[in-house]
Amino acid sequence: MATESFPLADATSDPLVGGGDTPPVEPGPGERKRLTKWQLYSRRFVRNRPAVAGIVIFVLLVAFALVGPLFAKYDHVELDFLALSDPPNPDHWFGTNNAGNDLYAMVVVGLQRSLLIAVVVATGTTILSAVIGTAAAYFGGRIERFALFVIHFLMVAPTFLLLAMMSNDSGGDWKVIALVLILVSWFFQARTIWTLSLSLREREYVHAARYMGVPGMRIVLRHLIPNIGSLLVINFTLGVVGAVMAETGLSFLGFGVKLPDVSLGSLIGIGASSMSSAPWMFYFPAAALTLLTVSMALVADGLRDALDPTSAAGGRA
Amino acid sequence: MSRYLLRRSAGWLLMVVAVTNLTYLLAWAYLDPRSNYVGRRPPLSEQQIVNLLEPRNLDDGTPLLERWWNWFSSILFRWDWGVSPTGQSVNDQVAYRMWISGELMLGATILLTVLGIALGVYSASRQYRLGDRVAQGTSIITMNIPIVVAALGIVLLAIAFNNAVGSTVFYVTGSSSPGVSGFLPTLLDSVQHIALPTAALVLVGYAQYHFLQRSLLLDNIKSDYVRMARAKGLTKAQAVRKHALRTSLIPVTTQVAFSIPAIFTGAVLTESIFAWKGMGQYFIETISKNDVNGVVAVAAFGAVMTAVGAILADIAVVVLDPRVRVS
């Protein structure tokens, strides 16, 4: 109840703030009913059919990763010596590998691992790139030059090689992999955000805040970053796609997540070695991985249509 | 023009040198050549290991600064990139591997850029019509297929195709067959090998140019100078080709340069899937064998490719953009 009444109280106490959250006014004759911000966003999002399909697939995948273990008859490290390299059957739904591991259990665990890494990395990258990009634009001068130098340097640096070296050295600890992935993937987004913030820092409200004596870092956090919020939401979804791809690439080569821990990438790596004899070892993890990346990309596309006021792809409103 | 290019090249050279040196120092923090000899049967004594590693400049008993200077000076004065822990010359390895990878990366880059731009022009000129919708829908899916899945899927399709035809049209492993001689047979053989890895790289890579070119061209088609060109009596195709397309190609060319690292990463994965003995496979080999000098050579190769791409993009911008005057 408290949370529901909050926007109302907020709107009455300060009519200038939260204009999008004001309760809908009774439509007068010939006047269209006003939509709240979230109604508008969701209406524009739903109009993009592939995006709706994307979010449904994504939710199903997450549900599969969370609920899947409840139905698993085997543990992903458990070996069934009576079923070596079995094709999919009622006992092992996705089949088994040549050591007798149940592929269903491995795909569920691998999906969990890949999702966890992706969400952690996307969160970290979004925060880091937002703070560095806007701060560089706002403070300018030496800070800006230094940030841009680091960004350009990382653009040339062989980041995938550094990533492979560091995560191989960590022995496949997913936390280290996630951390290193954040460190080598924030800079592209930071550059985009920097370009956008250059015009943002000249806005009147930023000047007003500065002349009121608001400290610089608070202006960045309170006035600049919220104004690129929609971009950050899109960056986050695209960051999930990028992180999943980088992590699965690494794990496929054997430099990422290592046994007994599995990720979708390492499962595909195992499947690739037995493509002709046991193709199901490739099909299931590959399908899960492709559904994950494509669905997230479709969601990002829909979010762009919904959140970008200049986008015409969603039709009117 | 040449002075401008010289200045840009010098800047990039500095960047490549800095990246290579940084990778050397980082590589020592994460790779340990000594561990290759631990656990050998019969066990080697400490002194034996040092005796093996010392002459190869891979002994971590030597101070890092000294190791670095030995490495850097031998490149600087003798163009010698050092040896692997087993004593193979890095120069020899890179000398033939770089052409194999270069061929794959260059071919794929050209193909995917041209395909992406062409599709971008096609869908921009048919905005929101069926052709545009279908092309965009396909592109957003192909762009987000992980390269590993794409490459392995292509392998499966090619095997099925070869079986259906009854002869090996596409090779799924290696970059060339042994014992092929003569110009035409060699050409045909390399096309049969390169087709599939290139197809995988193009499939996942073209879409970004499709989207970029489409949105840039749409912005330009609506601009005043294109309307002006139409008003002068040019047909729509002429106006788009001569006025809108030329301006909208400029940001695309800069994008190409900075996507080369991504293509290199893609090449690492495709080479490992198609068993090419190129730089990508060297990348995997050197990291798993703690070959510090080899890893650094791979990093240098990647950085040089990026630099070459960036310089080519600079040239393209000068050619395309009449506002850029460099002389």
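Residues numbered from 1 in each chain as written. Chains lettered and ligands numbered in written order. Predicted model: local features only at pLDDT ≥ 70, side-chain atom pairs only at ≥ 80, totals over all residues. Heavy atoms only, no water.

**Thoughts on the overall build of chain A**
In step 1: Helix and strand content of chain A: 13 helices and 0 strands.
In step 2: In chain A, the succession of helices and strands from N to C terminus is α-α-α-α-α-α-α-α-α-α-α-α-α.
In step 3: Classification of the 317 residues of chain A by burial places 47% in the buried group.
In step 4: Expressed as a percentage of contacts within chain A between residues at least 6 apart in sequence, the contacts between residues at least 24 apart total 69%.
In step 5: Accessible surface, chain A: about 15,500 Å² in total, of which carbon and sulfur atoms supply 66%. (Helix = DSSP H or I, 4+ residues; strand = E, 2+ residues; numbered from the N terminus. Buried < 20%, exposed > 50% of the residue type's maximum accessible area, 1.4 Å probe, protein only. Contact = heavy atoms within 4.5 Å. Areas by Shrake-Rupley, 256 points an atom, 1.4 Å probe, with all protein chains shown as cover.)

**Concerning the interface of chain B and chain A**
In step 1: Facing the 39 residues of chain B at the interface are 36 residues of chain A.
In step 2: Taking both sides of the interface into account, the surface hidden between chain B and chain A amounts to around 3,300 Å²; carbon and sulfur atoms contribute 85%.
In step 3: At the boundary of chain B with chain A, the tally comes to 0 salt bridges.
In step 4: On the surface where chain B and chain A come into contact, there are 1 residue pair in polar contact (both at pLDDT 80 or more).
In step 5: In terms of residue count, the dominant contributor to the side of chain B that touches chain A is helix H1 (residues 2–30) of chain B (9 residues).
In step 6: In terms of residue class, the side of chain B that touches chain A is made up of 32 nonpolar, 7 polar and no charged. (Buried area = accessible area lost by both parts, 1.4 Å probe. Salt bridge = Lys/Arg side-chain N within 4 Å of Asp/Glu carboxyl O. Polar contact = N/O pair within 3.5 Å; in protein donor to acceptor, adjacent residues only side chain to side chain. Nonpolar A, V, L, I, M, F, W, Y, C, P; charged D, E, K, R; others polar.)

**Regarding the side chain of threonine 248 of chain A**
Residue and element names in this part refer to chain A.
In step 1: With respect to the secondary-structure elements, threonine 248 resides in helix H11 (residues 229–253).
In step 2: By relative accessible area, threonine 248 is classed as buried at 2%.
In step 3: Not counting residues within four places of it along the chain, the set of residues in contact with threonine 248 comprises Ser114, Leu264, Gly265 and Leu289.

**So, the side chain of aspartate 305 of chain A**
In step 1: Within the secondary structure, aspartate 305 of chain A sits in helix H13 (residues 280–307).
In step 2: One buried charged residue, aspartate 305 of chain A, forms no salt bridge at all, with the nearest opposite charge on arginine 44 of chain A at 6.5 Å. (Lys, Arg positive; Asp, Glu negative; His and termini not counted.)

**Examining the confidence of the model for chain B**
In step 1: Averaged over every residue, the pLDDT of chain B is 86; residues scoring 70 or more account for 99%.
In step 2: Across the predicted assembly, pTM comes out at 0.83 and ipTM at 0.83. (pLDDT = per-residue confidence, 0-100.)

**Details of the packing of H13 of chain A against helix H6 (residues 147–165) of chain B**
In step 1: For the pair H13 of chain A and H6 of chain B, the least separation of the axes is 11 Å and the interaxial angle reads 140°. By the angle between their directions, the pair H13 of chain A and H6 of chain B is classed as oblique. The hand of the H13 of chain A/H6 of chain B crossing is left-handed. Of the residues in H6 of chain B, those touching H13 of chain A at Phe282, Tyr283, Ala286, Leu289 and Thr290 of chain A are Val149, Leu152, Gly153 and Leu156 of chain B.
In step 2: Looking at the contact of H13 of chain A with H6 of chain B residue by residue, the classes come out as 7 nonpolar, 2 polar and no charged. (Axes fitted to C-alpha atoms, helices over the stretch in contact; angles between N-to-C directions. Parallel < 35°, antiparallel > 145°, perpendicular 65-115°, else oblique. Left-handed = near helix turned anticlockwise from the far one by under 90°.)

**Structural notes on the UniProt feature "domain: ABC transmembrane type-1" (unreviewed entry) in chain A**
In step 1: UniProt records the feature "domain: ABC transmembrane type-1" (unreviewed entry) at residues 115–304 of chain A, using the numbering of this structure.
In step 2: Helix makes up 81% of residues 115–304 of chain A and strand 0%, and the two end C-alpha atoms of the span are 22 Å apart. (UniProt positions renumbered as here; feature names shortened; annotations may be inferred.)

**Focus: the pattern of salt bridges**
Residue and element names in this part refer to chain A.
In step 1: Using the criterion set out here, one finds 8 salt bridges over all chains in the structure.
In step 2: The partner of aspartate 261 in a salt bridge is arginine 113, with the nearest N and O atoms 2.9 Å apart. On the criterion of sequence distance, the pair formed by aspartate 261 in the loop between H11 and helix H12 (264–272) and arginine 113 in helix H4 (residues 103–139) is long-range, its members being 148 residues apart.
In step 3: The buried category is assigned to aspartate 261, whose relative accessible area is 18%.

**Let's talk about the nonpolar core**
In step 1: In terms of nonpolar packing, the biggest core is built from 132 residues, with Leu253 and Ile268 of chain A together with Phe283 of chain B touching the most fellow members.
In step 2: Contact partners of leucine 253 of chain A, with chain neighbours within four places excluded, come to Phe160 of chain A together with Val268, Leu269, Ser272, Phe283 and Ile284 of chain B.
In step 3: Ranked by size, the runner-up nonpolar core spans 15 residues in total, among them Phe153 of chain A together with Tyr4, Met15 and Ala310 of chain B. (Core = buried A, V, L, I, M, F, W, Y, C linked by side-chain atoms within 4.5 Å.)

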